[in-house]
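The primary structure of each chain is shown beneath.
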Amino acid sequence: MAENTPSCNFRTSIGGQALIEGILMRGPKKQAIVCRTADGLVEKTEELKFIKDRYPILGVPFIRGCATFLDSMVKGMQALTYSAELVPLEDQQEEDKLDQWIKAHFEAEKAQKLIIGTAVVLGVALSVFLFIFLPAAIIGLIPFLKTSYFLRNISEGLVRIAILLAYMKLCTNVSDVKRLFSYHGAEHKTIFCYEHGKPLTVENVRTESRFHPRCGTSFLLVVVLVSILVNSVVRIDNTFARMGCHLLLLPLVVGISYEINRWCGRHDNRLSAILSAPGKWLQHMTTNEPDDSMIECAIRAMELVIPEEKGSDEW
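Heads up: these notes are all about the structure in this document. Here the structure is a predicted model, which means the values were calculated and not measured.

Once that is clear, we can look at the sheet that holds strand β3 (residues 30-37). The strand order β1-β2-β3-β4 describes an open sheet built from four strands, whose pairing is antiparallel. Of all strands in the sheet, those with a lone pairing partner are β1 (15-19) and β4 (40-47), marking the two edges. Within the sheet, the average angular offset between the axes of one strand and its neighbour, ignoring direction, is 15°. Inspection of the sheet shows β3 paired to β4 by eight bridges, in the antiparallel sense. In the strand pairing of β4, isoleucine 33 is matched with lysine 44. The sheet contacts of helix α11 (residues 292-305) involve β2 (22-26), β3 and β4, and relative to β3 the element is tilted by about 155°.

This is the structure:
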């Protein structure tokens, strides 16, 4: 079971992401990357530009979920790339052939954008394959499940959950990912400490919970669960046609999931606890207890994005 945590003084819109030996924190106006290197902490801050400011419709509820998700993926991939470049050359993995080809044919700045864009597209494509095409294909091979749309939809949903849990479990066996998950825990603990109104010290952060209701990995599980409900409207026998319908419904699934995650993050009652519980259970796999050096990274990243106007980052 997830740990019980005291009610927050307020809920911040500041969110974060674990990086390679570092933390990304995103505030209402800027984001900060803080990574630990052999020479100490390396910091990078930049002003945020939100696509909803240019296109207000992308800030409308149930639409903003997809826009926020894609924007977070792009910025997150950029931050991961930056943190990877700080790793000593002797510890860096060899670039794959596609990245080498892009760097050989384009100037540095454009090559970097292409590499990040390619990574985002491939990431989305892999997710669509694993969580839409593969479950529909597997269940489509089992004759007796085709006799009931309800049974078929539930079965596909269970396969999605199994794939997600299996993927997360495999990740926990990789040593580098274990450290990444520890930084993930440091991020959550630091945000909780800030929300509880305590001074941001290693001692205070260390005692906080590592399970946070607005976690990105929790969002993935919510997406899978919501997809079971939304896809129940699909009453088509043909497996490929079902895949197409599920793909068309994906923006709605993401939009609803985002609003549920957002609502749970803003409320502290029995319903929000029930809705956020599955995501917190998943965080037992995707977060680890951090050491003090990881907490120091998270604290510094948080300090860099806290707005000068107190309370302006309220969720």
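The rest of the description comes next.
A word on the environment of isoleucine 236. Turning to its location among the elements, isoleucine 236 is positioned in the loop between α8 (216-230) and α9 (239-266). Judged by relative accessible area, which is 28%, isoleucine 236 ranks as partly exposed. It is 8.0 Å that separates the C-alpha atoms of isoleucine 236 and tyrosine 149, two residues lying 87 residues apart in sequence. Excluding residues that lie within four positions of it along the chain, isoleucine 236 makes contacts with Tyr149, Arg152, Ala241, Arg242 and Cys245.

Glancing now at the packing of aromatic side chains. Counted by the stated rule, this structure contains one aromatic pair. Both rings, one in phenylalanine 69 and one in phenylalanine 219, keep their centres 5.9 Å apart while their planes meet at 40°; by these two values the pair is tilted. Remark: phenylalanine 219 occurs in helix α8 and phenylalanine 69 occurs in helix α2 (residues 64-85); sequence separation between them is 150 residues. Phenylalanine 219 sits in the buried class, given a relative accessible area of 9%. Cation over ring: lysine 44 sits above tyrosine 82, and NZ or CZ is 4.5 Å from the ring centre.

The rules behind the values
- Within each chain, residue numbers correspond to sequence positions counted from 1 in written order.
- For this predicted model, a pLDDT threshold of at least 70 governs which residues receive local features, and a threshold of 80 or more governs which side-chain atom pairs are given and counted, while totals over whole chains, interfaces and linings are taken from all residues.
- The side-chain quantities take in all heavy atoms of the structure and omit both hydrogens and water.
- Any two strands between which DSSP finds at least two bridges are classified as paired.
- In this description a helix means any DSSP run of H or I spanning at least four residues, a strand means any run of E spanning at least two, and both kinds are numbered starting from the N terminus.
- In this analysis, axes come from line fits to C-alpha atoms, helices being fitted only over the stretch in contact, and the angle between any two N-to-C directions falls in the range 0 to 180 degrees.
- By definition, residues are in contact when any of their heavy atoms lie within 4.5 Å.
- With a 1.4 Å probe rolled over the protein chains alone, any residue whose accessible area is under 20% of its type maximum counts as buried; one over 50% counts as exposed, and the rest are partly exposed.
- Side-chain rings of Phe, Tyr and Trp, where Trp is taken by its six-membered ring, are said to pair if the distance between their centres is within 6.5 Å; with planes under 30 degrees apart they count as stacked, over 60 as edge-to-face, and otherwise as tilted.
- We call a charge positioned over a ring when the NZ of a Lys or the CZ of an Arg lies within 6 Å of the ring centre and within 35 degrees of the ring normal.

These figures capture arrangement, not role.
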